[in-house]
Amino acid sequence: MKIVFLDIDGVLNSDDWYKSGEAKKAYEKTKVVSDYHFDPNAWKLVEKLLIETGAKIVLSSSWRNFTLEATLKDFTGTNFEPLNKYIVDITPRTWDRHRGKEIKEFLKTTRLEVNQYVIIDDDSDMLPEQHNNFVKTDWFVGITEQDYINAKKILNNE
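Read on for a plain summary of the structure. Keep in mind it's a predicted model, so treat the numbers as computed, not measured.

1. A word on the pattern of salt bridges
- According to the stated counting rule, one finds ten salt bridges in the structure shown.
- Residues Asp-7 and Arg-99 are paired through a salt bridge, measuring 3.3 Å at the closest nitrogen-oxygen approach. Of this pair, Asp-7 sits in the loop between strand 1 (2-6) and helix 1 (15-20) while Arg-99 sits in helix 5 (residues 99-109); the two residues are 92 residues apart in sequence, bridging distant segments of the chain. The burial state of Asp-7 is the same as that of Arg-99; both residues are buried.
- Across the pair Glu-22 and Lys-25 runs a salt bridge whose closest N-O atoms are separated by 3.1 Å. Separated by three residues within a single helix, Glu-22 and Lys-25 lie in helix 2 (residues 22-30), roughly one turn from each other.
- Classification of Glu-22 as partly exposed rests on a relative accessible area of 36%.
- Several salt bridges share partner residues, and in doing so they unite Asp-7, Arg-99 and Asp-121 into one network.

2. Here we look at the nonpolar core
- Judged by nonpolar contacts, the single largest core of 30 residues is most densely connected at Val-4, Leu-6, Leu-12, Trp-43, Ile-57, Leu-83 and Ile-120.
- Going through the elements one at a time, strand 1, helix 3 (40-53), strand 2 (56-59), helix 4 (68-75), strand 3 (87-90), strand 4 (116-121) and helix 6 (145-155) are the ones with two or more residues in this core.
- In terms of residue count, helix 3 provides more of this core than any other element does, six residues in total.
- Leaving out residues up to four positions away in the same chain, Val-4 has contacts with Leu-49, Leu-50, Ala-55, Lys-56, Ile-57, Val-58, Val-118, Ile-120 and Leu-155.
- By size, the runner-up hydrophobic cluster in this structure holds nine residues, among which are Phe-106, Ile-119, Met-126 and Phe-134.

3. Quick word on the sheet that holds strand 3
- Strand order across the open sheet formed by five strands is 3-2-1-4-5, with parallel pairing between neighbours. Looking at the sheet topology across the chains shown, the edges are occupied by strand 3 and strand 5 (134-136). When the angles between neighbouring strand axes are averaged without regard to direction, this sheet yields 25°.
- With three bridges connecting them, strand 2 and strand 3 associate as parallel partners. Along strand 3, the bridge assignment pairs Val-58 with Asp-89.

Calculation notes
Residues numbered from 1 in each chain as written. Predicted model: local features only at pLDDT ≥ 70, side-chain atom pairs only at ≥ 80, totals over all residues. Heavy atoms only, no water. Salt bridge = Lys/Arg side-chain N within 4 Å of Asp/Glu carboxyl O. Helix = DSSP H or I, 4+ residues; strand = E, 2+ residues; numbered from the N terminus. Buried < 20%, exposed > 50% of the residue type's maximum accessible area, 1.4 Å probe, protein only. Core = buried A, V, L, I, M, F, W, Y, C linked by side-chain atoms within 4.5 Å. Contact = heavy atoms within 4.5 Å. Pairing = 2+ DSSP bridges. Axes fitted to C-alpha atoms, helices over the stretch in contact; angles between N-to-C directions.

Laid out in structure tokens, this is it:
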């Protein structure tokens, strides 16, 4: 199975998204706070990656709840709900909230058969052995077409 360890802030939203005014419009339309934080254009790139590679999401974002079921429930009825059909698990939480350590622990303990993975995140707290599987996004712009291309290459082992 191909896995995308997905962060939300700085990937599915960005400084540009908030400044564009579209975030405020999304919130005003639904009055759901999380909808303010979801850039549908960024989601299109992530979903395209998932469809084209057959990958699934393991949520590594601080937006995850303490269980998969609670996370999926939190997203239901919000603009984040389209993620639910792709999310297969969440990373565990470590005491120091170090993403790289959380991802390593997940890979060590999961029952999923992970053949290939990519980490998409705007933070850099990854372990040295994860750098070849890491696509760092820019908080100011979120995921870009080039980030999508880089992630696809990693998932396809190119």
